[in-house]
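Overview (structure and organization)
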Amino acid sequence: MDYIEQAMKLAISTNCQDDRNFFQALKEVLISIKPLMEQHPKYLNHRIIQRIIYPNREIRFKIEWLNDNNQTQVNNGYRIQFNNALGPYKGGVRFHPSVNPDILKFLAFEQIFKNAITGLHIGGAKGGSDFDPKGKSEKEIMKFCQAFMTAFYNSVGSDIDILGGDIGVGEREVGYLFGQYKILTNTYDSIITSKPISLGGSQGRASATGYGLIYFTQTLLENQDETLKGKICTISGSGNVAIHAIEKLYEMGAVPVTCSDSRGAIHDSNGIDLELLKKIKFERRASLEYYAVERKNASYVKKEQYNNNSNYVWEIPCFAAFPCATQNELNAVAAQALINNDVQILAEGANMPTTPEAIDLFVQNNIIFAPAKAANAGGVAVSVLEMSQNNSLNYFSAEEVDQKLRNIMSNIYKDIKTTCDEYDLGMDLISGANILGFKRVADAMIAQGV
Ligand code: NDP
Ligand code: 2IT
């Protein structure tokens, strides 16, 4: 039995049998580090794989809060502190009804390697709750955030575990989480990032993931003597990552023509109206169907009308495609449609948005594939700038943050490409990213002893 089979067997026997998202993320890493394992037996000798597939701590807690009708509500809360070999645990918090230990374990596992790829000294974690922010009043959101922090505050710390944003958790939620921590501990510790600017948040953190995604794509294309200028691009999602990716695509002279949310998708062949999109999603927190009501030339397709469960946005011919909503949102049907329409590059803004079958199709057809661990790492990298400015009681200007983000994304690309060259991987950026991240974490584990 080889190390991959052995590790998968071990992972399945020590986790819930249904942890399919975690097993998917794990298997991809295990397969792609094969060249590293073959050249450096020390990683197997130090039993790094057996050690790295167990989270250091899995915290589960109950959140009780009162809704606007004074009825008691109960939600599940979690934090997976997966690995802190490189630095304090760092990773976002997700509020979505689908949140469960499997989803958070996959996200925390991915975060270990993503954080390592940035070259910064942070470990990997993820947390969240099955709380659904949709339809809740401002007061209910605040009450829930306060109860979440109350249930869990003694497990975080600015040099222990630093939280951040993710699906359903933006500046508003982060502000309430931070405010409650301050009350409970009487400190102003930087235990969470993506804070509002008024609380010490970083200029440019809100836009960092989306902008970073496009900077990474542009660097990659420049190395192929290509550019995004004038190119049709398709995007899924219409949250923090998607909207800022669309914004940066316009700045690069590209034409983003789609977006989607949990209920449906928009195709606007003249280019997405960014101001209208921001108004609908950021201000009104409403459904995208209103976009088509206000923009008569745009078409709106409801989720129930998608073909074979494949988002309508992937049927639109494009040069580059950017899945920016959620995990496993781009399946083999979508991949085939994109390939038939001659897509040139796929860059992941969301975490693990592409199914393994879809990835296989892109690889077989030589489509350039920019994996999430590299392409969306700009968000967490700017989170570290936020931690750094908080801890030094200083701040970085918007221009400084943008310049640092550009450098970080271009260095990530260079480091991955160097790894690809070293292991003779051509443009297999998935393996390059996994080897680079794994090696940095494994070396730190070995250096610390057992
Ligand atoms: P937001 O909550 O701001 O937006 C999420 C978007 O995706 C919304 O348009 C939402 O639709 C849609 N969506 C969420 N879940 C589903 C689903 N199950 N099916 C279809 N659509 C869905 O989150 P972010 O933009 O911050 O995050 C998007 C992705 O990017 C996630 O995978 C996240 O982990 C990843 N990411 C985020 C980072 C960040 O800094 N925020 C950093 C790196 C990665 P609706 O509007 O209807 O809710
Ligand atoms: O997936 C991610 O990298 C994030 N959600 C951002 C994490 C962070 O701590 O800023």
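Residues numbered from 1 in each chain as written. Chains lettered and ligands numbered in written order. Predicted model: local features only at pLDDT ≥ 70, side-chain atom pairs only at ≥ 80, totals over all residues. Heavy atoms only, no water.

1. Some words on the site of ligand 1
In the region of ligand 1, 26 residues are neighbours, and K134, D166, T209, S262 and N351 sit closest. One nitrogen or oxygen atom from the side chain of R94 is found 3.0 Å from an oxygen atom belonging to ligand 1. The side chain of D166 places a nitrogen or oxygen atom 2.6 Å from an oxygen atom of ligand 1. In isolation ligand 1 offers 890 Å² of accessible surface; the protein chains occlude 84% of this area. (Near = heavy atom within 4 Å. Polar contact = N/O pair within 3.5 Å; in protein donor to acceptor, adjacent residues only side chain to side chain. Areas by Shrake-Rupley, 256 points an atom, 1.4 Å probe, with all protein chains shown as cover.)

2. Quick word on the sheet that holds strand β10 (residues 264-267)
Ordered by their spatial adjacency, three strands build an open sheet running β9-β10-β11, and the pairing between neighbours is antiparallel. Each of the sheet's edge strands pairs with one partner strand only, and the pair in question is β9 (258-260) and β11 (299-302). The mean inter-strand angle of the sheet, taken between neighbouring strand axes irrespective of direction, is 15°. Of the strand pairs in this sheet, β9 and β10 are connected by three bridges, and their pairing is antiparallel. In the strand pairing of β10, T258 is matched with H267. (Pairing = 2+ DSSP bridges. Helix = DSSP H or I, 4+ residues; strand = E, 2+ residues; numbered from the N terminus. Axes fitted to C-alpha atoms, helices over the stretch in contact; angles between N-to-C directions.)

3. Describing the packing of helix α16 (residues 378-391) against helix α17 (residues 398-422)
It is at 10 Å that the axes of α16 and α17 come closest, and there the two elements cross at 130°. Regarding the angle of α16 to α17, the classification is oblique. Handedness of the crossing formed by α16 with α17: right-handed. Here G378, A381, V382 and L385 of α16 lie close against α17, whose contacting residues are V401, K404, L405, I408 and M409. Class assignment of the residues belonging to the contact of α16 with α17 gives a composition of seven nonpolar, one polar and one charged. (Parallel < 35°, antiparallel > 145°, perpendicular 65-115°, else oblique. Left-handed = near helix turned anticlockwise from the far one by under 90°. Contact = heavy atoms within 4.5 Å. Nonpolar A, V, L, I, M, F, W, Y, C, P; charged D, E, K, R; others polar.)

4. Here's the deal with the site of ligand 2
In the vicinity of ligand 2 lie 14 residues, with K90, K114, D166, N351 and S383 positioned nearest. Between ligand 2 and K114, the relevant distance is 2.7 Å, taken from an oxygen atom to a side-chain nitrogen or oxygen of the residue. A distance of 3.1 Å is found between an oxygen atom of ligand 2 and a side-chain nitrogen or oxygen belonging to K126. Isolated, ligand 2 exposes 300 Å² of accessible area, and the fraction of that covered by the protein chains is 94%. Those elements that provide at least two residues to the shell around ligand 2 are α6 (101-117) and α16.

5. Some details on the pattern of salt bridges
By the definition in use, this model includes 22 salt bridges. Here R406 and D402 are joined by a salt bridge, their closest N and O atoms 3.1 Å apart. Separated by four residues within a single helix, R406 and D402 lie in helix α17, roughly one turn from each other. For D402, a relative accessible area of 21% corresponds to the partly exposed category. Ionic contacts of the salt-bridge type, sharing partners, join the residues E28, E110 and K373 into one network. (Salt bridge = Lys/Arg side-chain N within 4 Å of Asp/Glu carboxyl O. Buried < 20%, exposed > 50% of the residue type's maximum accessible area, 1.4 Å probe, protein only.)

6. Section: the sheet that holds strand β4 (residues 93-95)
Strand order in the open sheet formed by four strands is β1-β2-β5-β4, with mixed pairing between adjacent strands. Across the chains shown, the open sheet's two edge strands, defined by having one partner strand only, are β1 (57-66) and β4. Each strand of the sheet is rotated relative to its neighbour by a mean of 15°, with strand direction disregarded. Where β1 and strand β2 (residues 72-83) come together, ten bridges link them in antiparallel fashion. The residue of β2 that forms the bridge with K62 is N76.

7. Describing the packing of aromatic side chains
Scanning the model with the defined rule gives 20 aromatic pairs in all. With a centroid separation of 5.9 Å and an interplanar angle of 45°, the aromatic rings of F22 and F82 are classed as tilted. Here F22, found in helix α2 (residues 20-32), pairs with F82, found in strand β2; they are 60 residues apart in sequence, far enough to count as distant. Under the relative-accessibility criterion, F22 is labelled buried at 0%. Put simply, the rings of F22, F23, Y43, F82, F109, F113 and F438 pair up and form one aromatic cluster. The residue whose ring lies beneath K195 is F178, and the NZ or CZ to ring-centre distance is 5.6 Å. The aromatic ring of Y211 is capped on one face by K248, whose charged end is 4.3 Å from the ring centroid. (Phe/Tyr/Trp six-rings, centres within 6.5 Å; stacked < 30°, edge-to-face > 60°. Lys NZ or Arg CZ within 6 Å of the ring centre and 35° of its normal.)

8. Some thoughts on the side chain of N75
Tracing the backbone shows N75 in strand β2. In this structure N75 comes out as buried when scored by relative accessible area, which is 11%. A distance of 2.9 Å separates polar atoms of two side chains, one belonging to N75 and the other to W65. Those residues within four positions of N75 in sequence are excluded, and the remaining contacts are F61, K62, I63, W65, S129, D130, F131 and F144.

9. A word on the pairing of β2
Counting the residues in the hairpin turn of β1 and β2 gives five residues, including N70, whose phi is positive at 60°. Of the pairings in the sheet, the one linking β2 to strand β5 (residues 124-129) comprises six bridges and is antiparallel in character. When the bridges of β5 are listed, G77 appears paired with S129.

10. Thoughts on the packing of helix α9 (residues 205-222) against α16
In the contact formed by α9 and α16, the axes pass within 7 Å of each other and the chain directions differ by 145°. Crossing of α9 over α16 shows right-handed handedness. Across the interface between the two elements, R205, A208 and T209 of α9 pack against G378, G379, V380, V382, S383 and E386 of α16. Class assignment for the residues of the contact of α9 with α16 results in three nonpolar, four polar and two charged.

11. Quick look at α9
For α9, spanning 18 residues, the distance from its first C-alpha to its last is 25 Å, which sits close to the expected 26 Å at 1.5 Å a residue. The largest bend along α9 reaches roughly 30° and is located at Y211. (Expected span 1.5 Å × (residues − 1). Bend = angle between axes of the 7 residues up to and from the residue.)

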